[in-house]
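Observations on the model geometry
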Amino acid sequence: MTHSTEKQGYTSITQAQNWFLRVQNESGQIAIYPVAVWVADGFKVKGLVSMYKGMEPCLFTAPPACTSQYVHGDQLTEEEKRSVTRVYNF
């Protein structure tokens, strides 16, 4: 995930419901993360996922080194629904 925790100047923050971030790393492994909120900065909108950095909860965007896409819960396969990552520590 984006490793920047500096404060952002978002113009809008909206709760995301039943949206997920599907991330595929370079070796083809897929992880599914629930999107916590949508944020807008001008005309750019992105989803933030909740993770822990040590013991501190943080919000992160998709990692630039991975292939990722936002998908609605209805688009997830049954296997993906079972594998949704609830907590991620780094």
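Residues numbered from 1 in each chain as written. Predicted model: local features only at pLDDT ≥ 70, side-chain atom pairs only at ≥ 80, totals over all residues. Heavy atoms only, no water.

**Some thoughts on the nonpolar core**
Grouped together as the largest cluster of nonpolar side chains are twelve residues: Ala 16, Leu 21, Val 23, Ala 31, Tyr 33, Val 35, Trp 38, Val 49, Met 51, Cys 58, Phe 60 and Ala 62. When contributions to this core are tallied by element, the ones reaching two or more residues are strand S2 (19-24), strand S3 (30-41), strand S4 (44-53) and strand S5 (56-60). If one sorts the elements of this core by residue count, S3 sits on top with four residues. (Core = buried A, V, L, I, M, F, W, Y, C linked by side-chain atoms within 4.5 Å. Buried < 20%, exposed > 50% of the residue type's maximum accessible area, 1.4 Å probe, protein only. Helix = DSSP H or I, 4+ residues; strand = E, 2+ residues; numbered from the N terminus.)

**What about the environment of Val 45?**
The residue Val 45 is located in strand S4 in this model. Judged by its relative accessible area of 57%, Val 45 is exposed. Taking the C-alpha atoms as reference points, Val 45 and Thr 11, separated by 34 residues in sequence, lie 10.0 Å from one another. Dropping the residues within four chain positions of it, Val 45 is found in contact with Trp 38, Val 39 and Ala 40. (Contact = heavy atoms within 4.5 Å.)

**Brief notes about the pairing of S4**
Each regular strand displays side chains that alternate between the two surfaces of the sheet. Here S3 runs beside S4; their pairing, made up of six bridges, is antiparallel. Considered in S4, the bridge of Val 35 is made with Val 49. In this structure, S4 lies alongside S5, joined through five bridges in antiparallel fashion. Each bridged residue has a counterpart across the sheet, and for Met 51 the counterpart in S5 is Cys 58. Hairpin connection between S4 and S5: a loop of two residues separates the two successive antiparallel strands, and Gly 54 in this loop has a positive phi of roughly 70°. (Pairing = 2+ DSSP bridges.)

**Regarding the packing of aromatic side chains**
If you walk through the whole model with that rule in mind, you get two aromatic pairs. Both rings, one in Trp 19 and one in Trp 38, keep their centres 5.7 Å apart while their planes meet at 75°; by these two values the pair is edge-to-face. Of the two residues, Trp 19 is situated in strand S2 and Trp 38 in strand S3; the sequence distance between them amounts to 19 residues. The exposure class assigned to Trp 19 is partly exposed, which follows from its relative accessible area of 30%. Here the aromatic cluster, defined as three or more aromatic residues joined through ring pairs, consists of Trp 19, Trp 38 and Tyr 70. (Phe/Tyr/Trp six-rings, centres within 6.5 Å; stacked < 30°, edge-to-face > 60°.)

**What to know about the side chain of Arg 22**
Looking at the secondary structure, you find Arg 22 in strand S2. Separated by 2.8 Å, the side chains of Arg 22 and Glu 80 make a polar contact. Once residues within four sequence positions are removed from consideration, Arg 22 is found in contact with Ile 30, Ala 31, Ile 32, Thr 67, Ser 68, Gln 69, Val 71, Gln 75, Leu 76 and Glu 80. (Polar contact = N/O pair within 3.5 Å; in protein donor to acceptor, adjacent residues only side chain to side chain.)

Any link to function would need more than the numbers given here.
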